[in-house]
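# Structural overview
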Amino acid sequence: MSDSDRLAPLSVTGLHKSYGHHAVLADLNLSVEPGSFVCIVGPSGAGKTTLLRCLSGLLAPTSGSVRYGDRPVNQPLAEIAVVFQDYRGSLLPWMRVRDNVAFPLEGRGVSRSARRARADECLAAVGLPGVGDKYPWQLSGGMQQRVAIARGLAYDAAVLLMDEPFGSVDAQARFDLEDLVLRLRRDLGITVIVVTHDIDEAVYLGDRVIVLGGQPATVIDNLTVDLGQDRDQIHTRALPRFAELRTRVLTRIRGGAAAPDPAPPAQLDVSRT
Amino acid sequence: MSRTFLVSALNQLWLPVLVIVLLWVGTAGSTNFYFPPFGDMVGAMGANLAHGGLLEDLWFSLKNILAGLGLAIVVGVLAGLIIGEHRRLRESLGPVLDFARATPTVAFVPVIILTLGIGATPKIFLIFLGSLWPILLNTISGVEGINPAVLETARSYRIPWQLRLRRVILPGATPQIVAGVRVALSVAVVLMVVSEIYGSPVGLGNFILRSGSSFAVTDTWGGTLLIGLLGYGLSVVLLAVEHVLLGWYFQRPPRVRRNTQGLALLEREALTR
Ligand SMILES: Nc1ncnc2c1ncn2[C@@H]1O[C@H](COP(=O)(O)OP(=O)(O)O)[C@@H](O)[C@H]1O
Ligand SMILES: [Mg+2]
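Parameters at a glance
Residues numbered from 1 in each chain as written. Chains lettered and ligands numbered in written order. Predicted model: local features only at pLDDT ≥ 70, side-chain atom pairs only at ≥ 80, totals over all residues. Heavy atoms only, no water. UniProt positions renumbered as here; feature names shortened; annotations may be inferred. pLDDT = per-residue confidence, 0-100. Helix = DSSP H or I, 4+ residues; strand = E, 2+ residues; numbered from the N terminus. Contact = heavy atoms within 4.5 Å. Patch = residues over 30% accessible without salt bridge, like charges linked within 9 Å, V, L, I, M, F, W, Y side chains within 5 Å. Areas by Shrake-Rupley, 256 points an atom, 1.4 Å probe, with all protein chains shown as cover. Salt bridge = Lys/Arg side-chain N within 4 Å of Asp/Glu carboxyl O. Buried area = accessible area lost by both parts, 1.4 Å probe. Polar contact = N/O pair within 3.5 Å; in protein donor to acceptor, adjacent residues only side chain to side chain. Near = heavy atom within 4 Å. Core = buried A, V, L, I, M, F, W, Y, C linked by side-chain atoms within 4.5 Å. Buried < 20%, exposed > 50% of the residue type's maximum accessible area, 1.4 Å probe, protein only. Domains from an automatic or database assignment. 1 Å grid on protein atoms, 1.4 Å probe; cavity = no way out; pocket = protein on both sides within 12 Å on 5 of 7 lines; lining within 4 Å. Points joined across faces, edges and corners; volume = space filled by probe spheres on them. Nonpolar A, V, L, I, M, F, W, Y, C, P; charged D, E, K, R; others polar. Lys, Arg positive; Asp, Glu negative; His and termini not counted. Axes fitted to C-alpha atoms, helices over the stretch in contact; angles between N-to-C directions. Left-handed = near helix turned anticlockwise from the far one by under 90°.

As recorded in an unreviewed UniProt entry, chain B goes by ABC transporter permease and comes from Acrocarpospora macrocephala. Recorded under Subcellular location (unreviewed entry), the UniProt text for chain B is reproduced unchanged: "Cell membrane". Chain B has a UniProt comment under Sequence similarities (unreviewed entry) that states "Belongs to the binding-protein-dependent transport system permease family."

The name an unreviewed UniProt entry assigns to chain A is ABC transporter, from the organism Acrocarpospora macrocephala.

## A look at the confidence of the model for chain B
Residue and element names in this part refer to chain B. Residues at a pLDDT of 70 or more form 92% of chain B, whose mean pLDDT is 86. Predicted confidence in chain B is weakest over helix 12 (residues 261-271), with a mean pLDDT of 44, and strongest over helix 3 (residues 54-85), with 94. Every residue in residues 258-273 is under pLDDT 50, and counting partners more than four places away or in other chains gives 27 contacts.

## Considering a nonpolar patch on the surface
A surface patch of nonpolar side chains, amounting to about 560 Å² of accessible area, comprises Leu13(B), Val17(B), Ile20(B), Val21(B), Trp24(B) and Val25(B). Among the structural elements, Leu13(B) can be located in helix 1 (residues 2-26).

## Focus: the interface of chain B and chain A
One frequently used descriptor of interface size is the decrease in accessible area upon assembly of the parts. Each partner contributes residues to the interface: chain B has 23 residues there, and chain A has 31 residues. Between chain B and chain A, roughly 2300 Å² of surface is buried when both sides are summed, and carbon and sulfur atoms account for 64% of that area. Put simply, chain B and chain A have two salt bridges between them. Across the salt bridge formed by Glu152(B) and Arg53(A), the nearest N and O atoms sit 2.9 Å from each other. Taken together, the connections running from chain B to chain A amount to six residue pairs in polar contact (both at pLDDT 80 or more).

## A look at the site of ligand 1
Residues and elements named next belong to chain A. Taken together, Tyr19, His22, Val24, Pro43, Ser44, Gly45, Ala46, Gly47, Lys48, Thr49 and Thr50 make up the full set of residues adjacent to ligand 1. The contact in question runs from an oxygen atom of ligand 1 to an N or O atom on the side chain of Thr49, over 2.7 Å. Thr50 is positioned such that a nitrogen or oxygen atom in its side chain is 2.5 Å from an oxygen atom of ligand 1. Considered on its own, ligand 1 offers 560 Å² of accessible surface; in the complex 58% of this is hidden by protein.

## Topic: the nonpolar core
By size, the foremost hydrophobic cluster in this structure holds 116 residues, and its most contacted members are Val101(A), Ile149(A), Met162(A), Val209(A) and Val249(A). Top contributing element to this core by residue count: helix 8 (residues 161-197) of chain B, with 17 residues. When we break this core down by domain, the ones giving at least three residues each are domain 1 (11-74 + 161-169 + 184-273) and domain 2 (80-156) of chain A.

## Focus: the layout of surface pockets
Residues and elements named next belong to chain B. Empty space within the largest pocket amounts to approximately 610 Å³. Going through the elements one at a time, helix 3, helix 8, helix 10 (217-245) and helix 11 (247-251) are the ones with two or more residues in the lining of the largest pocket. Residues of the lining of the largest pocket, tallied by class, amount to 20 nonpolar, three polar and one charged.

## Focus on the UniProt feature "domain: ABC transporter" (unreviewed entry) in chain A
With numbering matched to this structure, UniProt assigns "domain: ABC transporter" (unreviewed entry) to residues 10-239 of chain A. In residues 10-239 of chain A, the share of helix is 33% and the share of strand is 27%. The end C-alpha atoms are 31 Å apart.

## What to know about the environment of Ile65(B)
Residues and elements named next belong to chain B. Of note, Ile65 is situated in helix 3. Overall, the relative accessible area of 0% leaves Ile65 in the buried class. Along the chain, Ile65 and Ile159 lie 94 residues apart, while their C-alpha atoms are 37 Å from each other. Excluding anything up to four places from it in sequence, Ile65 contacts Gly70, Ile127, Ala188, Val189, Met192 and Leu234.

## Observations regarding the UniProt feature "domain: ABC transmembrane type-1" (unreviewed entry) in chain B
The UniProt feature table records "domain: ABC transmembrane type-1" (unreviewed entry) at residues 58-242 of chain B. As annotated, residues 58-242 of chain B has a helix share of 86% and a strand share of 0%, and its two end C-alpha atoms lie 25 Å apart.

## A word on the side chain of Lys123(B)
All names here are of chain B. Within the secondary structure, Lys123 sits in helix 6 (residues 120-144). For the buried residue Lys123, which engages in no salt bridge, the nearest side chain bearing the opposite charge is Glu196, 7.0 Å off. Leave out the neighbours within four places in its chain, and Lys123 touches Phe60, Asn64, Ile118, Ser195, Glu196, Gly199 and Ser200.

## Points about the packing of helix 4 (residues 87-102) of chain B against helix 6 of chain B
Residue and element names in this part refer to chain B. One can describe the packing of helix 4 onto helix 6 by two numbers: an axis separation of 11 Å at closest approach and a directional angle of 145°. For the pair helix 4 and helix 6, the crossing hand works out as left-handed. In this structure, helix 4 contributes Arg90, Leu97, Ala100 and Arg101 to the contact, and helix 6 contributes Trp133, Leu136, Leu137, Ile140 and Glu144. Grouping the amino acids of the contact of helix 4 with helix 6 by side-chain chemistry returns six nonpolar, no polar and three charged.

## Quick look at the pattern of salt bridges
Pairs can form between side chains of opposite charge whenever their charged atoms are close. Residue and element names in this part refer to chain A. Under the criterion given, the structure shown has 25 salt bridges over all chains. A salt bridge links Asp156 to Arg118, with the shortest nitrogen-to-oxygen separation between them at 4.0 Å. With Asp156 in the loop between helix 6 (141-154) and strand 7 (159-163) and Arg118 in helix 5 (residues 112-125), the pair connects residues that are 38 residues apart, well separated along the chain. Among the residues examined, Arg118 registers a relative accessible area of 23% and is labelled partly exposed.

Encoded structure:
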């Protein structure tokens, strides 16, 4: 497959998704350019996981379409790797960490030694050298999520889709994981799409933040994060521009107009669950 | 490590040893025709094994139970994996399986002997038939009980079906399959004895019948003891296999282990057959 096929925009047009009579997503449009880092933010229950499953080809839209380049995403593609919200459930407890990471390659017929080398390489890339022989349940939550990311890397996809990837790890591990993902994006040039309910996280990570809102949910805002490529947990989060952006997202989520109030309630974060 | 092992081994051994000693000493002076001294029973077992033809009976029984149980494991697990994977198939087979489970296999003994005669075949078939249901039903519910996050992971990483069956579905269902085999083993021992009591020239069941009807009560007790030992020996072997196969399952912290109450229920139900 040529590189131009591999690197392509992921686009959603007129997406509707209902579970029975319960409409979750309606008339949703978005497009993600290759190499960009996009955060999709919305409150819990908004339909973020539903959207992510549609993006990954795991779930068929009720109507509308998801396309990768000019191909329809109607089943999981080799170009898209998913890191799930429930990392405990998504790592196989009967396989050692290395086998978990290499498992997608086994399906591609990669030789045993090549799989092993690739898994160790990816584990090192996420800062976990030397845990290959352990079982996932012997690791902390943050480390398990790193293993899940390593598996996504081993899959060698052009797009990494992540569903609230750091939602259930402690604050310090969360900061480390955020910086890890930023670094991987920069080093590997992959496209990253992170779905989250955490506004600060969305602004800190993304080149672009897409805000979901409404019942059923649709895109209610789409803003460019002009904080540059080099982000830093301490300084970036302290920038006035950071506060402006997060205020705008928060205001939109709470139903306000696109232009934020000049004096925002800076510490409020209702979206945390 | 070795110290705790020693303590645990001693802790498990003291009661059986005590019971044997009490039986041995307590019944030593027995003159009751029907309850000879325990020491005599053990002696009779030894003597019959050495030169009374009991070894042939044991070998015959052991071969049948291993063949029947082995066949049931192969057929039950394969069929269970296939049925468990297909919801439609599961639904339409449900009533039939429930009926089959509710019919005690012992009721088939006369018919099977009539149709298959008195060689080893009808016995193996009977043991197979009785052991099949707990293994099949447990495999099906083991497959059904696999964490949906695991299945979603396999799908999103495009794991081909053979690999998925071998590395995801089978290991995921193994804790319950093993519980099914444990139940099947106790059913199989019962059927082994019963099948040899009805129309058989050899086997442990036949040995106790033969010696019983010729009033060699001590020999009968010896044979009964050997049946108990056979059943116990097989369950010890099974336990060892279980620990090899399910190391990951037993070592995991309890909070992440799947609730096994359902298994205990199934097991009790099967034992009351
Ligand atoms: N498989 C499903 N069947 C029916 N309803 C579902 C299903 N999955 C999610 N929902 C519903 O869709 C809505 C959005 O869920 P979800 O996409 O998980 O939201 P989020 O990830 O933003 O918290 C919720 O109201 C949820 O109850
Ligand atoms: Mg979700």
